[in-house]
Structures are given as C-alpha cells and as structure tokens.
Amino acid sequence: IRQAIRDGADAIVFSAISYTKNAQAINDAASAGIKVVVIDSDVNSDGVVARIGTDNVQAGKMCAKAALETDLESIVVGIVNCDVETQNCQERERGFRVALAADPRVQDIYTVNVPTDAELARQAARGLLLEHPDINVLVGFNEPLAVGTAMAVDELELNGQVREIAFDTNPVCVELLQKGAVSALIVQNPYAMGYLGVETAWRSLQGERFDASSLINTPTTTITRETMFTIESQKAIFSFD
C-alpha cells in the first residue's frame, strides 16, 4: 500500500488480512487522495470509498443451516477458523454461532484458529477430530481452511460420519463434495467481487459517490451433492458474471 502511494496510484482495490493492523496504511492512502475500494475482507478505516463482498454474517447462518440439516439427535461442532483479526471469517463464525444457538441439539462447539493455509488447517482439523472424537459437524470458514478440513475428514476416513461444511469452490472441495467427504459448499462470487471492485474504483475516480457504510452485496449460494450438477449450481461453481 505504501509503495502504491509512492508510485502515485489513483485507486487501490484491497482485501484486508487484518481488520485493525491494515487500517493505518489504508488511512495513509486515503489521505494521499487515493480511492480505496475494499472487497471481501474489511478494514477499520473511514477512508474507504466503497465496500463490496459477501454478507458474512448471513453466510455464517447459511453455513449453520446446511450443518443442521441432519437427522442427528446430538450435534458436536468443530470450527477451524482463520486469524481473529480477519474480519470476514469472524463475521461468518458470529452468524454461524447465532444460528446454532437456536437448535437444542447442539451440545458443544470447539474452535481452533490458524493462519489461512490449507496444510495448517488440515493439521488443526485432524488434531481437533482426534482430541474430540464426538465431533460430527466440521466447518472451515474460507477456501484454504475448507480444503484443509475436508482433507482431514477424508484422511481419517470419516466420510459420512462427520458433516463437513466448506466455503468456496476450490477443485479439491468440489471433488470431495462429489465423493461425500464434504456435505455442502457455501459458495461466494469472488469473480463478481473483483470485477465490481475495479468497476467501482473507476466510477469513483469519475466522481461517483458510494455509501461506504452499506455493503455492496455479492451473491452466496449453498450447494450440496444432490444439487451440484444443476445449472444454477454449475453457474455458481464456475462463475464468470
């Protein structure tokens, strides 16, 4: 970001790693007159001109709905989430927990936070499943974490025993959805985020104003093994519009 400022950038399209730690650099960019558009993961800055992405609290509730669509009489949940400073994942977990709290079948929730890395997520999910063998629902709240948790379920041969809910459409998760290691995918539209991010930055440079306090929401879809080959699901998995 600071290099972009020195290079005289007119606009920055940005997805935050840390809601708070990235804030000062974004404030500096805004102070330099740069139009900053946030996509996917938010940052704690009033200098942002527009915010684009998933309604993450709602996506978390969608994840919970998919997790709870089971005949299990007792549900024990394992969560593999990213760093507590990554805003989008924390909002997903918040929505997820709100929806879980309404179901009396949910007995326990175990959470582990790891960097956004598939291998670290696999190790964390494996450890969580071995330490708490009563876990029968497992969630990874972004694409690398979803890949890692799905790999752990498959590796421990818990397909069908653990209901794995994953985010996004990594080919590994799509394959494991078809195989049965993943029960459902919560699919965002990153193509739309990127496209709208650049378009909105351009429109802002032309003088158009946006309400940065209101999210420009991109669609989110739940896909299961039963629905994955419908036209609507295929469009979500392979989204280019």
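Look up a bit, the structure's there.
Residues numbered from 1 in each chain as written. Predicted model: local features only at pLDDT ≥ 70, side-chain atom pairs only at ≥ 80, totals over all residues. Heavy atoms only, no water.

Summed over all chains, the structure comprises 3 aromatic pairs. Between Phe 141 and Phe 167 the ring centres are 5.8 Å apart and the planes differ by 55 degrees, which places this aromatic pair in the tilted class. With a gap of 26 residues between them, Phe 141 in the loop between strand E6 (137–140) and helix H6 (143–155) and Phe 167 in strand E7 (residues 163–167) connect regions that are remote in the sequence. For the pair Phe 141 and Phe 167, one class covers both residues: buried. Ring geometry for Tyr 191 and Tyr 195: centres 6.4 Å apart, planes at 20 degrees, overall stacked. Taken together, the positions of Tyr 191 and Tyr 195, both in helix H8 (residues 190–205) and 4 residues apart, correspond to about one turn of that helix. Residue classification places Tyr 191 among the partly exposed positions, given a relative accessible area of 37%. Among the residues examined, Tyr 195 registers a relative accessible area of 51% and is labelled exposed. Aromatic rings pair up to connect Phe 96, Phe 141 and Phe 167 into one cluster. (Phe/Tyr/Trp six-rings, centres within 6.5 Å; stacked < 30°, edge-to-face > 60°. Helix = DSSP H or I, 4+ residues; strand = E, 2+ residues; numbered from the N terminus. Buried < 20%, exposed > 50% of the residue type's maximum accessible area, 1.4 Å probe, protein only.)

This next bit is on the side chain of Ser 233. Counting through the fold element by element, Ser 233 comes out in helix H9 (residues 231–237). For Ser 233, a relative accessible area of 5% puts it in the buried group. Of note is the side chain of Ser 233, whose polar atom sits 2.7 Å from the backbone oxygen of Thr 227. Excluding its chain neighbours within four sequence positions, the residues that come into contact with Ser 233 are Ile 223, Thr 227 and Met 228. (Polar contact = N/O pair within 3.5 Å; in protein donor to acceptor, adjacent residues only side chain to side chain. Contact = heavy atoms within 4.5 Å.)

The subject of this paragraph is the packing of helix H5 (residues 118–131) against H6. Axes are the key here: two packed helices are described by the angle between their axes and the distance separating the axes. Viewed as axis vectors pointing N to C, H5 and H6 meet at an angle of 45 degrees, and their least axial separation amounts to 7 Å. Classed by the angle they form, the pair H5 and H6 counts as oblique. The handedness of the crossing between H5 and H6 is right-handed. Along the contact surface, H5 presents Ala 118, Ala 121, Arg 122, Ala 125, Arg 126 and Leu 129, while H6 presents Pro 144, Leu 145, Val 147, Gly 148, Thr 149, Met 151, Ala 152, Val 153 and Glu 155. (Axes fitted to C-alpha atoms, helices over the stretch in contact; angles between N-to-C directions. Parallel < 35°, antiparallel > 145°, perpendicular 65-115°, else oblique. Left-handed = near helix turned anticlockwise from the far one by under 90°.)

As a further point, take the pairing of E7. Counting buried positions over the 5 residues of E7 gives 5, a clear majority of the element. Here E7 shows a buried face lined by Arg 163, Ile 165 and Phe 167 and a second buried face lined by Glu 164 and Ala 166. Relative to E7, E6 is paired through 3 bridges, and the arrangement is parallel. Considered in E7, the bridge of Leu 138 is made with Glu 164. In this view, the connection linking E6 to its parallel neighbour E7 by way of H6 has right-handed handedness. With 3 bridges connecting them, E7 and strand E8 (residues 184–187) associate as parallel partners. (Pairing = 2+ DSSP bridges. Right-handed = clockwise from strand over helix to strand, strands pointing away.)

Now for the sheet that holds E7. Within the open sheet, the 6 strands sit side by side as E5-E4-E6-E7-E8-E10. Their pairing is mixed. Unpaired on one side and paired on the other, strand E5 (106–113) and strand E10 (221–224) mark the two borders of the sheet. Strand-to-strand twist in this sheet, taken as the mean axis angle between neighbours without regard to direction, amounts to 15 degrees. Here 4 bridges tie strand E4 (residues 75–81) to E6, and the two strands are oriented parallel to one another. Looking across to E6, one finds that Ile 79 is bridged to Val 139. Packed onto the sheet, helix H3 (residues 56–68) meets E4, E5, E6, E7, E8 and E10 and runs at close to 155 degrees relative to E7. Across the sheet, helix H4 (residues 87–101) is in contact with E4, E5, E6 and E7; its angle to E4 comes to roughly 170 degrees.

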